[in-house]
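# A look at the structure
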Amino acid sequence: CLEPNLIVGFAGDLGFAQRFRQVLKDVWNPQSIPALEQGEAHKVISAFCTGGLTEYLSTHQNNFPVNVQTAFLVGFVHKNKHHLVHLHAGLFQPMVINASMPFVSIGSGYHITNPFLSFIKKVFWQEQEVPTLQVGIFSAILAINLAIEINCGGINAPLHLAVLKYDE
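Let me begin by describing the structure that accompanies this report. All values reported here derive from a predicted model rather than from experimental measurement.

Cut-offs and rules
- Residues numbered from 1 in each chain as written.
- Predicted model: local features only at pLDDT ≥ 70, side-chain atom pairs only at ≥ 80, totals over all residues.
- Heavy atoms only, no water.
- Helix = DSSP H or I, 4+ residues; strand = E, 2+ residues; numbered from the N terminus.
- Rg over C-alpha atoms; globule rule 2.2 N^0.38 Å.
- Buried < 20%, exposed > 50% of the residue type's maximum accessible area, 1.4 Å probe, protein only.
- Salt bridge = Lys/Arg side-chain N within 4 Å of Asp/Glu carboxyl O.
- Phe/Tyr/Trp six-rings, centres within 6.5 Å; stacked < 30°, edge-to-face > 60°.
- Patch = residues over 30% accessible without salt bridge, like charges linked within 9 Å, V, L, I, M, F, W, Y side chains within 5 Å.
- Areas by Shrake-Rupley, 256 points an atom, 1.4 Å probe, with all protein chains shown as cover.
- Axes fitted to C-alpha atoms, helices over the stretch in contact; angles between N-to-C directions.
- Parallel < 35°, antiparallel > 145°, perpendicular 65-115°, else oblique.
- Left-handed = near helix turned anticlockwise from the far one by under 90°.
- Contact = heavy atoms within 4.5 Å.
- Pairing = 2+ DSSP bridges.

## Side note on the overall build of the protein chain
Counting its secondary structure elements, the protein chain contains 5 helices and 4 strands. Each helix and strand of the protein chain, placed in order from N terminus to C terminus, yields the pattern β-α-α-α-β-β-β-α-α. For 168 residues, the compact-globule estimate of 2.2 N^0.38 gives 15 Å, and the protein chain sits close to it at 17 Å. The principal-axis extent of the C-alpha atoms belonging to the protein chain is close to 45 × 35 × 25 Å. Out of the 168 residues belonging to the protein chain, those deemed buried represent 34%.

## Details of the pattern of salt bridges
Evaluated as defined, the whole model comprises 3 salt bridges. Residue lysine 25 pairs with glutamate 3 through a salt bridge whose shortest N-O separation is 3.8 Å. Placement of lysine 25 in helix H1 (residues 14-27) and of glutamate 3 in the segment before strand E1 (6-11) is noted, with a sequence separation of 22 residues between them. The partner of glutamate 55 in a salt bridge is arginine 19, with the nearest N and O atoms 2.9 Å apart. Of the two residues, glutamate 55 sits in helix H3 (residues 41-59) while arginine 19 sits in helix H1, which places them 36 residues apart along the sequence.

## Focus: the packing of aromatic side chains
Inspection of every chain in the model, using the stated rule, returns 11 aromatic pairs. Between phenylalanine 16 and phenylalanine 92, the aromatic rings sit 6.1 Å apart at their centres with planes inclined by 35 degrees, giving tilted as the arrangement. Taken together, the residues phenylalanine 16 in helix H1 and phenylalanine 92 in the loop between strand E3 (81-88) and strand E4 (94-97) connect sequence positions 76 residues apart. The burial state of phenylalanine 16 is the same as that of phenylalanine 92; both residues are buried.

## Digging into a nonpolar patch on the surface
Together, Phe119, Val123, Phe124, Phe138 and Leu142 line one region of the surface with nonpolar side chains, adding up to about 420 Å² of accessible area. Elements supplying a minimum of two residues to the nonpolar patch: helix H4 (110-124) and helix H5 (133-150). By residue number, the principal contributor to the nonpolar patch is H4, which donates 3 residues. Of note, phenylalanine 138 is situated in helix H5.

## A look at the packing of H1 against H3
H3 packs onto H1 with a crossing angle of 135 degrees between their chain directions and a minimal axis gap of 9 Å. Comparing their axes, H3 and H1 come out oblique. Note that H1 runs across H3; the crossing there is right-handed. Taken together, the residues of H3 that come into contact with H1 (itself represented by Phe16, Arg19, Phe20, Val23, Leu24 and Val27) are Ala47, Phe48, Gly51, Gly52, Glu55, Tyr56, Ser58 and Thr59.

## A few points about the pairing of strand E2 (residues 71-78)
Extensive coverage of E2 is indicated by the burial of 8 of its 8 residues. Residues Ala71, Leu73, Gly75 and Val77 of E2 are buried on one face, and the alternating residues Phe72, Val74, Phe76 and His78, pointing to the opposite face, are buried as well. Across 8 bridges, E2 lies against E3 in antiparallel orientation. Paired with alanine 71 across the strands is histidine 88, a residue of E3. Where E2 hands over to E3, the hairpin turn is made up of 2 residues, of which lysine 79 adopts a positive phi near 50 degrees.

## Concerning unusual backbone geometry
In this model, lysine 79 sits at a positive phi of 50 degrees, which is unusual for a non-glycine residue. Mapped onto the elements, lysine 79 comes out in the loop between E2 and E3. At glutamate 127, a position not held by glycine, the phi torsion is positive, near 65 degrees. Tracing the sequence through the fold places glutamate 127 in the loop between H4 and H5. A relative accessible area of 79% means that glutamate 127 is categorised as exposed.

Shown next, in the form of structure tokens:
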């Protein structure tokens with residue numbers, strides 16, 4: 001949880017994640033918020049991507065992005081609506097998580113959690129495009145616990161969970 005109405009999760013390189021965390025905080029500062037609030041959510045997402053790419057290129061040899069093994073999930077509230085964006089570091093091409101793509105996993109366990117989340121969606125979401133908060137939390141915990149139990153590649157307990165709640 002970085003700021004009110006802004007949360008980030010990552011998988012991959014800690015140093016790069018620390019740099020991008022600062023970019024997000026800079027974009028989400030009180031001086032930027034009024035300008036961001038005038039625009040649509042895609043302008044906020046674009047500011048995150050531009051800031052991350054600029055930061056990365058400033059120290060990368062030849063100023064050319066490569067396949068960085070880091071991914072981010074950025075959640076934020078904009079104009080009373082929740083938004084979730086999946087970003088791969090390097091090129092920072094955003095994938096917006098919405099009703100047509102209602103979940104995503106990052107990190108070494110994604111090959112376990114994504115298919116399992118598809119199963120959970122079919123069984124527990126009861127034909128809903130987006131689950132209720134309780135079913136969403138249940139789905140995430142179930143999928144992550146499965147990945148912890150069967151993946152020996154670095155997914156460890158304890159599980160930490162954060163929920164983004166609109167804060168006026």
